[in-house]
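# Secondary and tertiary structure notes
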Amino acid sequence: MKHRFRFFLAGAALGLAASPLHAQQADDNARWVSDELTTYVRSGPTDGYRIVGTLTAGEPVTLLETSGNYSRVENGDGNRVWILSNELQSSPSASYQLPRLEEQVAELEAELGGINETWENRVSAMTETLEVREQRIAELEARNRELDSEADRSRSTIRQLQARLDTQEEDLLMRYFMYGGGVAGAGLLVGLIIPHLPRKRRKRDRWF
């Protein structure tokens, strides 16, 4: 997975490096020794000239002139030698591009690491906020259930008190009724008894 990721980053780096490479390719005199070999170079434009050294695969050179199958080039040290033209390529060699690509891959990895860290921080903050909200919701739901329970108990108490009040009202009415009936009965009894009580005769007053 890691190698595939690095390959992806290398591809991205190649894309980013495309513009500079096109600028280099626009220079008609820029050449690179083919990646497939380390070639001998001669002092003249034919096989009859003596070998005077070598050029390393991928080494950048400047094309000075062409004669037959050979091209005269100048390397980074200022040496001017002849090399077979088919051993040159007009695009930057892989060995020349590799350090730049590795640098760009490292930069992309660092940037990606920063993006990952930022994203993880955001996700962590969002997760923490969500947990706080969920905890608050749970507390509110628990409080709501508690209030519902208290309301149910209050309604039950009110019903009991109402029932007691109704019973007391009925008892009070019954007592008033019994008290009124007793008073009325006593009055009736007194009314029946009084007429039958013996009366005292009045003494007649005599005048002298």
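That block above? That's the structure.
I will try to describe carefully the structure that is included in this document. Values in this document were obtained by computation on a predicted structure and should not be read as measured data.

## Points about the overall build of the protein chain
Counting its secondary structure elements, the protein chain contains three helices and seven strands. Reading the secondary structure of the protein chain in the N-to-C direction produces α-α-β-β-β-β-β-β-β-α. Taken across its 208 residues, the protein chain has 16% of its residues classed as buried. Counting contacts in the protein chain only where the partners sit at least 6 residues apart, residues at least 24 apart contribute 52% of the total. Carbon together with sulfur atoms contributes 55% to the accessible area of the protein chain, which is approximately 17,000 Å² in total.

## Quick look at the pattern of salt bridges
Per the stated rule, a full pass over the model turns up five salt bridges. One salt bridge in this structure joins Arg143 and Glu146, with 3.2 Å as the shortest N-O distance. One end of the pair, Arg143, and the other, Glu146, are both in helix α3 (residues 94-193), three residues apart, so they sit about a helical turn from each other. Take Arg143: its relative accessible area is 41%, and that puts it in the partly exposed class. Residue classification places Glu146 among the partly exposed positions, given a relative accessible area of 40%. Among the ionic pairs, Arg155 bridges to Asp152, the shortest N-O distance being 2.2 Å. With Arg155 and Asp152 both in helix α3 and three residues apart, the pair spans about one turn of that helix.

## Some words on the pairing of strand β4 (residues 60-67)
One ladder, built from three bridges, connects strand β1 (residues 30-33) with β4; its direction is antiparallel. Looking at the pairing, Trp32 lines up with Pro60 of β4. Here β4 runs beside strand β5 (residues 70-74); their pairing, made up of five bridges, is antiparallel. Bridge pairing links Thr66 to Ser71 in β5. Connecting the antiparallel pair β4 and β5 is a turn made up of two residues, with Gly68 showing a positive phi of about 65 degrees.

## A short note on the nonpolar core
Among the nonpolar cores identified, the biggest contains nine residues, and these are Val33, Val41, Leu55, Val61, Leu63, Val73, Val81, Ile83 and Leu88. Of all the elements in the fold, those that place two or more residues in this core are β4 and β6 (80-84). In contact with Ile83, not counting residues within four places along its chain, are Val33, Thr39, Val41, Leu55, Asn69, Tyr70, Ser71, Val73 and Leu88.

## Structural notes on the pairing of β6
In the sheet, β5 pairs with β6 via five bridges, with the strands oriented antiparallel. Counterpart to Val73 in the pairing with β6 is Val81. The hairpin formed by β5 and β6 contains five residues between the paired strands, and Gly78 there has a positive phi angle of roughly 90 degrees.

## Topic: the environment of Gly53
Secondary-structure assignment places Gly53 in strand β3 (residues 51-55). Sequence separation of Gly53 and Asn79 is 26 residues, and the distance between their C-alpha atoms is 10.0 Å. Those residues in contact with Gly53 that sit more than four places away from it in its chain are Thr39, Tyr40 and Val41.

## Here's the deal with a nonpolar patch on the surface
A cluster of nonpolar side chains, contributed by Leu188, Leu189, Leu192 and Ile193, occupies part of the molecular surface with about 410 Å² of accessible area. Looking at the secondary structure, you find Ile193 in helix α3. Residue Ile193 is classed as partly exposed on the basis of its relative accessible area, which comes to 44%.

Here is what the cut-offs are and how they apply
- Residues numbered from 1 in each chain as written.
- Predicted model: local features only at pLDDT ≥ 70, side-chain atom pairs only at ≥ 80, totals over all residues.
- Heavy atoms only, no water.
- Helix = DSSP H or I, 4+ residues; strand = E, 2+ residues; numbered from the N terminus.
- Buried < 20%, exposed > 50% of the residue type's maximum accessible area, 1.4 Å probe, protein only.
- Contact = heavy atoms within 4.5 Å.
- Areas by Shrake-Rupley, 256 points an atom, 1.4 Å probe, with all protein chains shown as cover.
- Salt bridge = Lys/Arg side-chain N within 4 Å of Asp/Glu carboxyl O.
- Pairing = 2+ DSSP bridges.
- Core = buried A, V, L, I, M, F, W, Y, C linked by side-chain atoms within 4.5 Å.
- Patch = residues over 30% accessible without salt bridge, like charges linked within 9 Å, V, L, I, M, F, W, Y side chains within 5 Å.

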